Amino acid sequence: MLTIISGTNRPGSNTHKVATAYSTALTQLNIENQVFSLQQLPADFIVSDFYGKRSPAFQGIMEQYILPADKLVMVIPEYNGSYPGIFKLLIDAIPPADLAGKKTALVGVASGRGGNLRGVDDLTNAFHYLKINVFYHKLILALVREITDTEKVTSEAALKMIADHAAAFGEY
């Protein structure tokens, strides 16, 4: 099983549009996948699921999206030159042993020209510390507002990049 994580809890985000396009590309390759949006996190997540505590809602997320996944695709938007705090909280709430050894692809998304390259690099360092196997090809999608509309990724070039990346990660 492969889980795609849409790395923000912002409603209507371009990040989620990219995650959905990635899921479509994997489905076309007959690779079983599911999308987890940080909008699905419990509202009291930052007080209910840290320091040894675990809510039933977050345990359900772990059992559906994290534990059965042998591969993860992290679609990460740029927030203040790196990745969102809510995404960091998610990683901090998951026991490191539950992530160690998983294969992970990183997709950077930003409205600027950098495509969140800095955030993807920051995340790579953290994931190496956690013993997560980071796929060598990091997909960087810059100027994301120009490749999406109100509902989906519309750029044929971006969709091809996503499909090529999904195919390569599927073989990894």
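Residues numbered from 1 in each chain as written. Predicted model: local features only at pLDDT ≥ 70, side-chain atom pairs only at ≥ 80, totals over all residues. Heavy atoms only, no water.

**Digging into the nonpolar core**
Counting 30 residues, the largest nonpolar core has Leu-41, Phe-58, Met-74, Phe-87, Leu-90 and Phe-127 as its most contacted members. Put simply, the parts of the chain that give this core at least two residues each are α3 (56-66), β3 (71-77), α4 (85-93) and α6 (117-129). With residues near it in sequence (within four places) discarded, Leu-90 still touches Ile-5, Phe-36, Leu-38, Leu-41, Phe-45 and Phe-58. (Core = buried A, V, L, I, M, F, W, Y, C linked by side-chain atoms within 4.5 Å. Buried < 20%, exposed > 50% of the residue type's maximum accessible area, 1.4 Å probe, protein only. Helix = DSSP H or I, 4+ residues; strand = E, 2+ residues; numbered from the N terminus. Contact = heavy atoms within 4.5 Å.)

**Comments concerning α6**
Residue pairs three or four apart in sequence face the same way in an α-helix, which turns once every 3.6 residues. Given a rise of 1.5 Å per residue, 13 residues ought to cover 18 Å, and the 19 Å separating the end C-alpha atoms of α6 matches this to within 8%. Every buried residue of α6 is accounted for by Gly-119, Val-120, Leu-123, Thr-124 and Phe-127. Each buried residue of α6 lies within a common arc of 145° when the element is viewed along its axis, so the set occupies one face. Of the exposed residues in α6, the ones pointing more than 90 degrees away from its buried face are Arg-118, Asn-125 and Tyr-129. Contacts from the buried residues of α6 go to β3, α4, β4 (103-109), β5 (133-134) and β6 (139-141). Of the residues one or two after α6, Lys-131 is the one with positive phi, at around 65°. (Expected span 1.5 Å × (residues − 1). Arc of directions from axis to C-beta.)

**Points about the packing of helix α1 (residues 14-28) against helix α7 (residues 156-171)**
In contact at an axis separation of 9 Å, α1 and α7 are set at 55° when each is read in the N-to-C sense. Compared by their axis directions, α1 and α7 come out oblique. Once α1 is placed against α7, the crossing between them reads as right-handed. Taking contact as the criterion, the partners of Val-18, Ala-21, Tyr-22, Ala-25 and Leu-26 in α1 are, on α7, Leu-159, Ile-162, Ala-163, His-165, Ala-166 and Phe-169. Tallied by class, residues from the contact of α1 with α7 come to 10 nonpolar, one polar and no charged. (Axes fitted to C-alpha atoms, helices over the stretch in contact; angles between N-to-C directions. Parallel < 35°, antiparallel > 145°, perpendicular 65-115°, else oblique. Left-handed = near helix turned anticlockwise from the far one by under 90°. Nonpolar A, V, L, I, M, F, W, Y, C, P; charged D, E, K, R; others polar.)

**Describing the pairing of strand β1 (residues 2-6)**
For β1, the tally of buried residues reaches five of five residues, placing the bulk of the element in the interior. A two-sided burial pattern is seen for β1, the buried positions comprising Leu-2, Ile-4 and Ser-6 on one face and Thr-3 and Ile-5 on the other. Across five bridges, the pairing between β1 and strand β2 (residues 33-37) is parallel. Bridge assignment links Leu-2 to a residue of β2, and that residue is Asn-33. What joins β1 to β2 is α1, and the crossover it makes is right-handed. As paired strands, β1 and β3 are joined by five bridges and run parallel to one another. Note that in β3 the partner of Ile-5 across the bridge is Met-74. (Pairing = 2+ DSSP bridges. Right-handed = clockwise from strand over helix to strand, strands pointing away.)

**Focus on the pairing of β4**
For β4, the tally of buried residues reaches six of seven residues, placing the bulk of the element in the interior. Where β3 lies against β4, seven bridges are found, and the strand directions are parallel. In the sheet register, Lys-71 faces β4, and the bridge partner there is Lys-103. Taken together, the three bridges between β4 and β6 define a ladder with parallel strand orientation.

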